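Each chain, written out:
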Amino acid sequence: MSGGGNGRDIRFGIVGCGMISRFHAEAIRRTPGAAISGCYDAYRPGADAFGEALGVPVFPSLEAIASDGAIDALSICTPSGLHTPQAIAAIQSGKHVVVEKPMSLTLAEADTLIAAADECGAKVCVISQFRFSPAVQEVRRAIQAGAFGTLAMAELSMKYYRSHEYYAQADWRGTWKMDGGGALMNQGIHGVDVFRFLLGPVKSISAVTRTLTRKIETEDSVVAALELESGALATISASTSSFPGYPRRLEICGDRGSVVLEEDSIIKWDLPFECPLPVGERASQVASSDPTAISVEGHQMQYANMVDALRNRAPLLVDAKQGRQPLEIILGIYESSKTGKTVRL
C-alpha cells in the first residue's frame, strides 16, 4: 500500500462523476497534502466533462484507475450498490479508499469489505462528515463527562422531501438492489450515524416502514422505537414525503440536562455548564429538500483526517468498522418492519 511518505501529496482518484463527486473534488482541493490525479465513470461523457473541469486524466475503466501507480487512494462516489465491490477492487489493487455512505447494503457486504481492508492493510474512510461537526463533538464530550446524568430519552427526526422527479432522474434511486433502502438508508443514514456515535449501541428495535407517496420499491416513511444498551429509550423517524422538508433534529435528554441538535447546530443547551459554542443559531446548510444544499466543510475535515492517517498513522474517526454501525441499526429497522417483530441486535 502506498501512503504518501516524505511529505508528498496523497493522490486521490475519483470513481463516479455525479453530483456528490463535486463535493469530494472541492474537499480534496481544499485539503493541504491532498491532490486529485484522475477520475473514472462508466458514463464517459460525464467523466470527460468532470475531468476537463478539474484538469485531470480520465481513465477508461475501474481497473485502469485502480492499477495506476500514481494514485494512492480512490474516492468511491458511485450509486450505493456499487460501493462495496468497487471498494474491494480498489483495495485488492493496492489502494486506500474513501467511500460514500452507505459503505455497503448488507452486513455481510460490510463484513467482507472490513475483512478485505484488514487483510490488505488498507485504510477505508467512510463518509460520515457530521461526526466531525464541532457541535456533535461538543455534545459527545458532554455525554462522556456525564453532564446529562442518566440518559433517558432521545428522538431523531428526519422529515425530508424528495420529489417524484428526484427519483425519476436516476433509475437506481429507491431500489433495493442499488439504493439498499429509501428515506432511512439514503437520506437518513447521516442522522442515524450521529445518533449511534453519540448514544452508543442499540439493544432492540420495533419499527414500521411504509411507501406512502412515492413510486419506489423502498420506504418513503419510517418510525422506529429503540431500546439502547445504556437503558435509554429512543425513537427514529424519517420521511422523504414531508413537504417542504425540515432540518434534521436530534433531542437527547437526561435526568440532569438535555440538548437539541438541528443539523450541525446546537439550538438548545440545558446542561449544568455553559456551552463553548454558539447556541440557538439555526443551521445554514440544510439538505432536507435539496440534496445539493450541503457544506463541503465536513467532507474537507474527513479528507484531512484521511491524509493524516496515511501520512502520520493517525486514527480514522470513521473507518469501515465505524461505517458498519449505522447499517446495523437501519437494517434492523427494515427487518423489524418486514417481520412485525422486535429485533435484537
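Conventions and cut-offs
Residues numbered from 1 in each chain as written. Predicted model: local features only at pLDDT ≥ 70, side-chain atom pairs only at ≥ 80, totals over all residues. Heavy atoms only, no water. Helix = DSSP H or I, 4+ residues; strand = E, 2+ residues; numbered from the N terminus. Expected span 1.5 Å × (residues − 1). Buried < 20%, exposed > 50% of the residue type's maximum accessible area, 1.4 Å probe, protein only. Arc of directions from axis to C-beta. Contact = heavy atoms within 4.5 Å.

A. View of helix H5 (residues 107-120). Here H5 is 14 residues long and its end C-alpha atoms lie 20 Å apart, about the 20 Å a rise of 1.5 Å per residue gives. For H5, the set of buried residues is Ala110, Leu113, Ile114, Ala116 and Ala117. Projected down its long axis, H5 shows its buried positions confined to an angular sector of 160 degrees, all on one face. Residues Ala108, Asp118 and Glu119 are exposed on H5 and point more than 90 degrees away from its buried face. On its buried side, H5 packs onto helix H4 (83-92), strand E5 (124-126) and helix H11 (320-339). Just downstream of H5 lies glycine 121, where phi reads positive at about 70 degrees.

B. Here's a closer look at unusual backbone geometry. The linkage connecting lysine 101 with the following residue, proline 102, adopts the cis geometry, with an omega of -20 degrees. Inspection of the secondary structure puts proline 102 in the loop between strand E4 (96-99) and H5. Residues phenylalanine 243 and proline 244 are joined by a peptide bond in cis, for which omega reads 5 degrees. Assignment of secondary structure puts proline 244 in the loop between strand E9 (233-239) and strand E10 (249-254). Notably, glutamate 263 is not glycine yet its phi reads approximately 55 degrees, a positive angle. On the secondary structure map, glutamate 263 appears in the loop between strand E11 (258-262) and strand E12 (265-270). When its relative accessible area of 7% is taken as the criterion, glutamate 263 is described as buried. Even without a glycine there, the phi angle at arginine 313 is positive, about 60 degrees. Take arginine 313: it is sitting in the loop between helix H10 (297-312) and H11. For arginine 313, a relative accessible area of 78% puts it in the exposed group.

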